[in-house]
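# Structural overview
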Amino acid sequence: MEMARVWVAQQGLHCVLNVGTYRNSGIREAKAWGIMLADMARHVSDALVRNGMETDAETALAVVRDQMLNELDRPSSKTTGEFKRTKQ
């Protein structure tokens, strides 16, 4: 099941998120997304090393983590768009 699709267009980030997947599972949705985002950060760090853009995954992950926290604290742009309720 696809949970997120992300792309850059018109000088901005666009995404489709499949929020609500865990609605009836007993798993808190926010916690599940936190785990997914952490896993994605590790995959990105590994990919950066494998593609020769970084020398080690631990350092790359630290940079990704630091930048993510900076962006959360001081967003470089506003979050816009709409959200549609997913079917249950």
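To continue, consider unusual backbone geometry. At Gln10, a position not held by glycine, the phi torsion is positive, near 50°. Looking at the secondary structure, you find Gln10 in the loop between strand E1 (4-9) and strand E2 (12-17). Classification of Gln10 as exposed rests on a relative accessible area of 77%. In this structure, Gln11 is a non-glycine residue whose phi angle is positive, near 60°. Its location among the elements puts Gln11 in the loop between E1 and E2.

Moving on, we get to the confidence of the model for the protein. For the protein, the mean per-residue pLDDT works out to 93, and 97% of the residues sit at or above 70. No element of the protein has a lower mean pLDDT than E2, at 90, and none a higher one than helix H2 (residues 57-73), at 98.

Once that is clear, we can look at the pattern of salt bridges. Throughout the structure, instances matching the rule amount to two salt bridges. For Arg5, the salt bridge is made with Glu2, and the minimal N-O distance between the two is 2.9 Å. The partly exposed category is assigned to Arg5, whose relative accessible area is 46%. Across the pair Arg42 and Asp39 runs a salt bridge whose closest N-O atoms are separated by 2.3 Å. Placement of both Arg42 and Asp39 in helix H1 (residues 29-50) is noted, with a separation of three residues, approximately one turn of the helix. By relative accessible area, Arg42 is classed as partly exposed at 41%.

Rules of the game
Residues numbered from 1 in each chain as written. Predicted model: local features only at pLDDT ≥ 70, side-chain atom pairs only at ≥ 80, totals over all residues. Heavy atoms only, no water. Helix = DSSP H or I, 4+ residues; strand = E, 2+ residues; numbered from the N terminus. Buried < 20%, exposed > 50% of the residue type's maximum accessible area, 1.4 Å probe, protein only. pLDDT = per-residue confidence, 0-100. Salt bridge = Lys/Arg side-chain N within 4 Å of Asp/Glu carboxyl O.

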